[in-house]
Amino acid sequence: MVPVLLVCATELERAPLADLLGPEILVRTLVCGVGLVDAAIGLADHLRSGPDPGLVINFGVGGAYCGAARLLDLCVATSEHLGDAAICYDDRMEPFAADAFPFFSDCRLPQAPAVRVRDLLAAAGFATVAGPFVTVNCVSGSRRRGDLLRDRFGAVCENMEGAALARVCQRRDIPFVEIRCCSNLVEDRNRSGWLLEEATRRCAEAVAVLLSGEKTASPRS
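Computed from a prediction, not measured in an experiment: that's the story for all the values here.

Here is what the cut-offs are and how they apply
- Residues numbered from 1 in each chain as written.
- Predicted model: local features only at pLDDT ≥ 70, side-chain atom pairs only at ≥ 80, totals over all residues.
- Heavy atoms only, no water.
- 1 Å grid on protein atoms, 1.4 Å probe; cavity = no way out; pocket = protein on both sides within 12 Å on 5 of 7 lines; lining within 4 Å.
- Points joined across faces, edges and corners; volume = space filled by probe spheres on them.
- Nonpolar A, V, L, I, M, F, W, Y, C, P; charged D, E, K, R; others polar.
- Helix = DSSP H or I, 4+ residues; strand = E, 2+ residues; numbered from the N terminus.
- Buried < 20%, exposed > 50% of the residue type's maximum accessible area, 1.4 Å probe, protein only.
- Arc of directions from axis to C-beta.
- Contact = heavy atoms within 4.5 Å.

Draft legend 1. Summary view of empty space enclosed by the protein. Applying the stated criterion across every chain yields a total of one cavity of 30 Å³ or more. In this structure, the largest cavity spans a volume of roughly 50 Å³. Here the residues of the lining of the largest cavity sort into three nonpolar, three polar and three charged.

This is the structure in structure tokens:
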């Protein structure tokens, strides 16, 4: 297996993985921090400290867009998009004019690693949802905003770091894969329905499968 760097935003997302991997599994793991800025700085600084990995896997939790994904779905990104890098109105979002200034907002991810990851997870009993991801600065706190982003990008879920990490890897020509387990629906904000602990555990189990070849998946609630 190529040298892998695992990247997540928080210790909460990393901790279950540490419990699942045996001592024979040696892998670099970076907790980059929450949000676009800390994610980009954290990964760039880490990469300066040694040779580039053969693959970066970003893992963690995300919010499922209603009608595109469900609670505890494992989602694999086919592309990443900066969701609120636009002109934002109450009822719509308009991209900046293409000729206004050079601006990165969309990143198509290399497909071969993502397909390989999905195949390995399927062999271990994990179903996945593949599709575009949206990275936001402001977590969507309403169903209306979530639906706007879902429809604009054809997206399955949102997060706060993926596009920044993908962009760093793109600049350095490092293959990048993003896996998120949906801890909540993007709806009118209701934290009582979140399954954060279950989602972090399920995502960690999926990553452990990729690293160790374990052939069992926990039941999906």
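Draft legend 2. View of unusual backbone geometry. Positive phi values are uncommon outside glycine, yet Leu 72 reaches one of about 70°. One can find Leu 72 in the loop between strand 3 (55–65) and strand 4 (74–82). Of note, Asp 173 is a non-glycine position whose phi angle comes to about 60°, a positive value. Its location among the elements puts Asp 173 in the loop between helix 5 (162–172) and strand 10 (176–186).

Draft legend 3. Inspection of helix 1 (residues 11–20) at higher detail. All of the buried residues in helix 1 are Glu 13, Pro 16 and Leu 17. Within helix 1, the buried residues cover an arc of 100° as seen down the axis, which keeps them to one side. Buried residues in helix 1 make contact with strand 1 (4–8), strand 3, strand 10 and helix 6 (196–212).

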